[in-house]
Amino acid sequence: MSDLGVLVYPLCTAALAVVVLLLDVLRAPSAAGSATHGRRLGWFVAAALAGLFAATFFYAPSGVAAHGVYEAGAWSLALQRLFFAAGALGALGALDDVADRTPHRAGEYWMLFVSSLTGMVLLPGARDLVLLVVAFELMGVPLYVMAAFAKTDAAAGEPRGQASEAGLKFYLVGATSTAITLFGLALLTGMAGTTRLDALAAAPMTPLSAAGMLMVLGGMGYKLGVAPFHMWVPDTYQGAATPFVAFLSVAPKAAGVAALTQLFLFGLGPARAQWSGPLAMLALLSMVVGNVLALPQTDLRRLLGYSGIAQMGYLLVGLGTGEAFGAGTVLFFLTAYVFTNLGAFLVLHVAAKAGGGHGFDALAGLSKRSPALAGALLAFLLSLAGIPFAVGFWAKLYVFLAAWRAGNVALVAAGITVAVLGLFYYLRMLHAAYMVDGDLPRPKPGLAAGLAIAVCVVAVLGLGIWPEPLTASALRAAGSLLAQR
Amino acid sequence: MNGHLLSLIVAAPAVGAVLVMLLPEGSRLGIRLVALVSSLISLAGSIVAIAGYDRAAGGLQRVEDYAMVPSMGVRLRFALDGWSGPLLLLTGVILFAGVLATWTLAKRDKEYYALLLLLVAGVLGVFVVQDLLLFFLFYEVAVLPMYLLIGIWGASHAVPADGPFKRAWTAFSVGSKQYAAMKLTLMLLIGSAAILVAIFALYTASGSRTFDLGELAQTAYPRRLQVTLFPLVWLGFGTLAGVFPFHTWSPDGHASAPTATSMIHAGVLMKLGAFGVMRVGMVILPEGAHAWLPVVGAVAAINVLYGAFCAMSQKDLKYIIAYSSVSHMGVVMLGAATLTPEGWNGAVFQMVAHGVMTGLFFALVGLVYERAHTRWIPKMGGFATVMPGVAAFFTLACLSSLGLPGTAGFVSEFLVFLGAWKSGHPGWAIPGVLGAFVTAVYVLKGTRAIFWGPGPSEEFHELSDAKRTEWVAPVVLGVCLVVLGLWPRIVLDSIEGTSAAHLQRLVPSQVVTASVEAAR
């Protein structure tokens, strides 16, 4: 297979970014600054990404490109499929908001969005540290801009500085963590004398490379927003536009976990003894900090931010097993998390638009004002809480099962215990939606966001009732990555 | 159809729940008819299933096997055994009666019936599923809707927050209204967490990559593991069965739940806990069960007595019934702890008998409350003159509760105490019998105070007896109670075969003998 064939999905995504830019530049002069134009672009991006998502089921590239720097296989395909789905849903969820809030700059937003997605799509195939870093930054840099995107166009009643604060905090933390990661990678590369991941596995471990490894873990920890590197998460989630946060809270996390898996399980697998301890600490801290600090939150975006930190903790529990089964369960978890969290944030956005801000009040009486939206929220929160017949149940079950099998009994017991604690704040949200009366107007999701929420609900419940297809494909994908080691 | 009978029984309420949600708002009759029809399908199905169960052959029958998550070794396997038949029937009867008992519900009836049906689908699933993981899944489906059922439709402010939960409440400003609902949910979920840990350990240690209950029961787990895991399973499931001291969610939950929810909750839901302890804990972890037996039996004896004494000091009608449930579930656990055929038959029979009885109690309490708008016993008195029918059925339930021969309660208590006497711990029979005595005191006292004493006072002169559909629940449940008392064989026969099969493994040395004769 030619390089082009192997790289088809990253190339298509990159081409889409260019097309979006051209469409925006070549628009009719009369369309400048009109919300309709922005909306059309959003629909175009969503449709194109949905098309690419569908294509992954019919065309599966395999083989290496660029002298083994990039490799396509079941692993990269599974993740690319996930990114396309997250991208399409994220675009659907955000397109009304972007078109209405920033009609003059909608084109830029979508160009940045697709660029970031290009980085993500490239990432799971990277088998070389240089490509890994480049893909990671290609994903990250546009996100900084998008986080601050609404800074001059704050909606009425919102403090204007919030988006800038969100963007700046996100950028500073991101840049610092990139620097730390790069320093660590430099140490690793210097000791091993190679940037290739498979060669890294063969190189002997020295104290210096172990130090580098820990720095990389810390740097990635910042990106993933795991405790104790989580401080930016709630602030950014609160400050940036909610539909963007819906995307930010899932897709980059999935990319980060993919990078961690490739780097640590594939590249540094033989050195598991050195990194499994610190990773377990991160997992435990995240589960505890996320669940405990979510309890007193009054802003639902911050609450979901902390809940996300806890979810990342569960994920690291699975990753810590260091084996293909664990990586498979992590992939399943990620897929579940993408649909669940994206949907939850979108419901929150729609509910907040009807008035009432982003506190518990925004949900008051939601079950009467919009039973469908309340039902969707119910599905998402049950999934986040890990309740049966929502996909989140299987996700949590799998990662804990994998960790138990790998012998991390104490970590699993701790995780299950704090997960019960976590139920409390999910129930509080449901309590607001179902048991408190409210007289706010009926929230209207609009066609695009409504469609995105509906798709998420179908995925959450469908995969919850019949998880086998996703389970099998996730295990196969992880197996294909780690079998070659 | 015959090959999928068990799926049909489990799926009917679940499909009913979805249909109810799809019906337009305000179609009162439609909602109730869907609920009624789906409950009737389950009920009829379980009658067919239990009638077609070959008691001579025993074992698992009507096996249905669907690959659910084969890559994880999870198979959706339904099968009927001697225990599940009667319990399915019980659930069907209670649901049917429960749907009719809340016929007049006005507030958000659509969601109410949907949740109720969903819950029952979970209960039915637990009784027939043969896969440990799906057992747990159905168990959760049965437990979780309780949060909304109590939180939304429960009696507000009936339960004042107290204890450590009170502090949590003030800290997070949830308000006292949903206190009972959240206490119940959180306590049961902590139990679930323990169960989940045990499931992981069982799955990993078996090494066979399967969750099949039968296969897990064949695995010889190391003794140390069994001794470690048994308390997790016992207390995990036991929380739902009201095992002391983890029963505190139950009276609060019952007291604030609406009628049909109380019926389902006390009538079948608490049985899931005991069923889980026996089916998962004792059968899969025999050595663990043996090691912990003295504790399990002693705690069960405490349950019987403590629950009875608590019930005696209550003034709220629902609290009396709720604490009597705690006491009666103690009888189930006591029977289980004897590890004798009599005790086990008695335990399972008590699940059925108590389910019917307590369902009848809560249905009648609901009727009384709807009319008198109070559950405060000192305010009542002489209600028999205005509602003779309700009084008669209430008295019948009381007689079964205290174990009068000829009612279902007698059969089970007799078997359990006989089992206790025959087991290695004859001392357990003493608190058991004492508990039955205290029960007689408080139920008779209660009935007298409500129905037979002087009165009724001026404000209650206008009360009426049950009307039309309201009769269905008391009559159906009352008839079941008497039939089970006079003719226990109809369910005891099938229970016996399965108990014997399980005990064969659990107590290999013991000669398993028939005990039905003794009951008659």
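Since the model is a prediction, treat every value here as computed from it, not as a measurement. (Residues numbered from 1 in each chain as written. Chains lettered and ligands numbered in written order. Predicted model: local features only at pLDDT ≥ 70, side-chain atom pairs only at ≥ 80, totals over all residues. Heavy atoms only, no water.)

Examining the overall build of chain A
Regarding its fold elements, chain A presents 21 helices and two strands. Since a compact globule built from 485 residues should have a radius of gyration of about 23 Å, the 21 Å found for chain A is in line with a globular shape. On the principal axes, the C-alpha backbone points of chain A span a range of 65 × 55 × 40 Å. The 485 residues of chain A split such that 64% are buried. When contacts within chain A are restricted to residue pairs at least 6 apart in sequence, those whose partners lie at least 24 apart make up 81%. Of the roughly 15,400 Å² of accessible surface on chain A, 70% is carried by carbon and sulfur atoms. Counting 26 positive and 20 negative side-chain charges, chain A places the centres of these two groups 3 Å from one another. (Helix = DSSP H or I, 4+ residues; strand = E, 2+ residues; numbered from the N terminus. Rg over C-alpha atoms; globule rule 2.2 N^0.38 Å. Buried < 20%, exposed > 50% of the residue type's maximum accessible area, 1.4 Å probe, protein only. Contact = heavy atoms within 4.5 Å. Areas by Shrake-Rupley, 256 points an atom, 1.4 Å probe, with all protein chains shown as cover. Lys, Arg positive; Asp, Glu negative; His and termini not counted. Charge placed at Lys NZ, Arg CZ, Asp CG, Glu CD.)

Some remarks on the pattern of salt bridges
Scanning all chains against the criterion turns up 20 salt bridges over all chains. A salt bridge links Lys169(A) to Asp235(A); the nearest nitrogen and oxygen atoms lie 2.6 Å apart. Taken as a pair, Lys169(A) in helix H7 (residues 162-192) and Asp235(A) in helix H10 (residues 232-239) lie far apart in primary sequence, 66 residues in all. The residue Asp212(B) makes a salt bridge to Arg77(B) at a minimum N-O spacing of 2.7 Å. (Salt bridge = Lys/Arg side-chain N within 4 Å of Asp/Glu carboxyl O.)

A few points about the interface of chain B and chain A
Opposite the 39 residues of chain B that make contact, chain A presents 34 residues. Roughly 3,400 Å² of surface becomes buried between chain B and chain A when both sides are summed, with 82% attributable to carbon and sulfur atoms. Counting across the interface, chain B meets chain A through zero salt bridges. Viewed at the interface, chain A and chain B are joined by one residue pair in polar contact (both at pLDDT 80 or more). At the level of elements, strand E1 (61-69), helix H5 (132-143), helix H6 (145-153), helix H7 (164-172) and helix H8 (179-206) of chain B are the ones that each hand at least two residues to the side of chain B that touches chain A. Per element, the largest residue contribution to the side of chain B that touches chain A is 12 residues, and it comes from H8(B). Among the residues forming the side of chain B that touches chain A, the class breakdown is 29 nonpolar, six polar and four charged. (Buried area = accessible area lost by both parts, 1.4 Å probe. Polar contact = N/O pair within 3.5 Å; in protein donor to acceptor, adjacent residues only side chain to side chain. Nonpolar A, V, L, I, M, F, W, Y, C, P; charged D, E, K, R; others polar.)

Remarks on the layout of surface pockets
Residue and element names in this part refer to chain A. A volume near 560 Å³ is recorded for the second largest pocket. Together, 25 residues line the second largest pocket, and Phe53, Phe57, Arg81, Ala85 and Phe339 are the ones closest to its centre. Among the elements that take part in the lining of the second largest pocket, helix H4 (residues 74-101) stands out by supplying seven residues, more than any other. Of the residues assigned to the lining of the second largest pocket, the class counts are 21 nonpolar, two polar and two charged. (1 Å grid on protein atoms, 1.4 Å probe; cavity = no way out; pocket = protein on both sides within 12 Å on 5 of 7 lines; lining within 4 Å. Points joined across faces, edges and corners; volume = space filled by probe spheres on them.)

What to know about the environment of Ala432(A)
Residue and element names in this part refer to chain A. Looking at the secondary structure, you find Ala432 in helix H19 (residues 409-435). Given a relative accessible area of 5%, Ala432 falls into the buried group. With 66 residues separating them along the chain, Ala432 and Leu366 place their C-alpha atoms 7.9 Å apart. For Ala432, the contacting residues outside a window of four places in its chain are Phe360, Leu363, Ala364 and Gly365.

Considering the pairing of E1(B)
Residues and elements named next belong to chain B. Where E1 lies against strand E2 (residues 74-80), six bridges are found, and the strand directions are antiparallel. Bridging across to E2, Asp65 finds its partner in Arg77. Between the antiparallel neighbours E1 and E2 lie four residues, among them Gly73 with a positive phi of about 80 degrees. (Pairing = 2+ DSSP bridges.)

Things to note about the packing of helix H13 (residues 286-312) of chain B against helix H18 (residues 429-452) of chain B
Residue and element names in this part refer to chain B. Remark: H13 packs on H18, axes separated minimally by 9 Å, with the N-to-C direction vectors making an angle of 20 degrees. In this view, H13 runs roughly parallel relative to H18, as classed from their interaxial angle. Remark: the crossing between H13 and H18 carries left-handed chirality. Here H13 contributes Ala301, Val304, Leu305, Ala308, Phe309, Ala311 and Met312 to the contact with H18, which in turn contributes Pro431, Gly432, Leu434, Gly435, Val438, Thr439, Val441, Tyr442 and Lys445. In terms of residue class, the contact of H13 with H18 is built from 12 nonpolar, three polar and one charged. (Axes fitted to C-alpha atoms, helices over the stretch in contact; angles between N-to-C directions. Parallel < 35°, antiparallel > 145°, perpendicular 65-115°, else oblique. Left-handed = near helix turned anticlockwise from the far one by under 90°.)

Things to note about the confidence of the model for chain B
Of all residues in chain B, 92% attain a pLDDT of 70 or more, and the chain-wide mean is 83. Confidence drops under a pLDDT of 50 for residues 510-520 of chain B, and excluding neighbours within four residues, the segment shows 25 contacts in the predicted structure. (pLDDT = per-residue confidence, 0-100.)

Observations regarding the packing of aromatic side chains
Scanning the model with the defined rule gives 37 aromatic pairs over all chains in all. Summarising the aromatic geometry, the rings of Tyr9(A) and Phe84(A) are spaced 5.9 Å apart at their centres and angled 65 degrees between planes, so their arrangement reads as edge-to-face. With Tyr9(A) in helix H2 (residues 8-25) and Phe84(A) in helix H4, the pair connects residues that are 75 residues apart, well separated along the chain. With respect to class, Tyr9(A) is no different from Phe84(A); both count as buried. Centre to centre, the rings of Tyr144(A) and Phe170(A) are 5.2 Å apart; their planes meet at 80 degrees, and the pair counts as edge-to-face. Of this pair, Tyr144(A) sits in helix H6 (residues 129-147) while Phe170(A) sits in helix H7, and the two are 26 residues apart along the sequence. Taking the relative accessible area as the measure of exposure, Phe170(A) reaches 8% and is therefore buried. Through a chain of ring-to-ring contacts, the aromatic side chains of Trp83(B), Phe127(B), Phe135(B), Tyr139(B), Phe237(B), Phe275(B) and Trp344(B) assemble into a single cluster. Seen from the ring of Phe149(A), Arg105(A) lies directly overhead, with NZ or CZ sitting 4.5 Å from the centre. (Phe/Tyr/Trp six-rings, centres within 6.5 Å; stacked < 30°, edge-to-face > 60°. Lys NZ or Arg CZ within 6 Å of the ring centre and 35° of its normal.)

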